[in-house]
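Below are the chains, spelled out letter by letter.
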Amino acid sequence: MIKHDEGYIKFNIKWEEKAFDLSLYDFQNLNTCHDKLYNIGLIGAYPNLIGFGNISIRATGNKFIISGSATGNIKQLSEKDYSLVTKYDIDENLIHCEGLTKASSESLSHAAVYESNPEIKAVIHIHHLEMWEKYIHNLPTTNKNAEFGTPEIADEMKKLVIQNSGILIMGGHQEGIISYGKSINEAEEIILTYFNKI
Ligand SMILES: [Zn+2]
């Protein structure tokens, strides 16, 4: 985690607890992807019930809709389990969000990907140890010393997204993998292609 005394800025969230406008189309697209990834264990919860994995789609500009904090262990998400990130500041480690749930604390990693390329419309973050071990340094991998949730990792990610591989291994976040694409289907297919090769 981020520690103040080591010079990192603590993750900050400004949450407006109110429903936002989530279209049925977007909701269904998100949930179809979520269900598939949940069923094969790429999104889920550890035995201690801590959830992992999150998915998002771009709204307008650099705003995006993301599965909420601590929703990894929910089998079927409802509208209230999504949050809209309306604004963020990577350097300040700050996000603003609206929704009946708070946006994931991993939102800034999604933000970094969206910011890198306006054509990217969806981002998926999964955890899988075997995939991570197989692909680390074989696919674009962030520096293991860049701690997750810091401005450094966001910068690293932006540099790697320019390669447009559709996938990133998070070197400093064990099990962590990100995929991205022009649609949530595309991002999902990229993850599944690599998953099916292990
Ligand atoms: Zn993660």
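Refer to the structure above for everything that follows.
The model shown is predicted, which means the values in this text are computed figures rather than measured ones.

What counts and how
Residues numbered from 1 in each chain as written. Predicted model: local features only at pLDDT ≥ 70, side-chain atom pairs only at ≥ 80, totals over all residues. Heavy atoms only, no water. Helix = DSSP H or I, 4+ residues; strand = E, 2+ residues; numbered from the N terminus. Rg over C-alpha atoms; globule rule 2.2 N^0.38 Å. Buried < 20%, exposed > 50% of the residue type's maximum accessible area, 1.4 Å probe, protein only. Areas by Shrake-Rupley, 256 points an atom, 1.4 Å probe, with all protein chains shown as cover. Lys, Arg positive; Asp, Glu negative; His and termini not counted. Charge placed at Lys NZ, Arg CZ, Asp CG, Glu CD. Donors = N, O, S within 2.8 Å, 3.2 Å for Na, K, Ca; no water. Tetrahedral: all angles 85-135°; square planar, octahedral: opposite > 155°, others 65-115°. Pairing = 2+ DSSP bridges. Phe/Tyr/Trp six-rings, centres within 6.5 Å; stacked < 30°, edge-to-face > 60°.

Trainee: How would you explain the overall build of the protein chain if you had to name every residue and give the values?
Mentor: Scanning the protein chain from N- to C-terminus turns up 5 helices and 10 strands. The C-alpha atoms of the protein chain give 15 Å as radius of gyration, which agrees with the globular expectation for 198 residues (16 Å, within 12%). C-alpha extents for the protein chain along the principal axes are approximately 40 × 40 × 35 Å. Here the protein chain, with 198 residues, has 53% of them falling under the buried criterion. When the accessible surface of the protein chain is summed, it comes to about 9600 Å², and 50% of that surface belongs to carbon and sulfur atoms. Counting 18 positive and 26 negative side-chain charges, the protein chain places the averaged centre of each group 1 Å from the other.

Trainee: Help me get a handle on the coordination of the zinc ion, residues and values and all.
Mentor: Taken together, Glu106 (OE), His125 (NE2), His127 (NE2) and His173 (NE2) make up the full set of protein donors to the zinc ion, lying 2.1 to 2.2 Å away. Relative to the metal, the 4 donor atoms surrounding the zinc ion lie at angles of 94 to 153°, and the coordination shape comes out irregular. Each donor residue of the zinc ion belongs to the same chain, and together they define the spacing E-x18-H-x1-H-x45-H. Separated by 48 residues along the polypeptide, His125 in strand E8 (residues 122-127) and His173 in the loop between strand E9 (167-169) and strand E10 (176-181) bring together distant segments of the chain. His173 shares its class with His125; the two are buried.

Trainee: Would you mind going over the pairing of strand E4 (residues 54-58) in detail, with residue names and values included?
Mentor: Walk down a regular strand and you will see the side chains alternate between the two sheet faces. Taken across its 5 residues, E4 has 5 buried, putting it largely inside the fold. A two-sided burial pattern is seen for E4, the buried positions comprising Asn54, Ser56 and Arg58 on one face and Ile55 and Ile57 on the other. As judged from the 3 bridges shared by E4 and strand E5 (residues 64-67), these two strands associate in the antiparallel manner. Across the sheet, Arg58 pairs through a bridge with Phe64, a residue of E5. Following E4, the chain reverses through 5 residues before pairing antiparallel with E5; Gly61 in that reversal takes a positive phi of roughly 55°.

Trainee: How would you sum up the packing of aromatic side chains? Please name residues and give values.
Mentor: Centre distance and the angle of the planes are the two values used to describe a pair of aromatic rings. Here the structure, examined in full by the defined rule, presents 4 aromatic pairs. Summarising the aromatic geometry, the rings of Tyr46 and Phe52 are spaced 4.6 Å apart at their centres and angled 40° between planes, so their arrangement reads as tilted. Note on Phe64 and Tyr114: the rings are 5.1 Å apart at their centroids and 35° apart in plane angle, and the pair reads as tilted. A residue pair is termed long-range when its members are at least 10 positions apart, and Phe64 in strand E5 and Tyr114 in helix H2 (residues 107-116) qualify at 50 residues. One exposure class covers both Phe64 and Tyr114, and it is buried.

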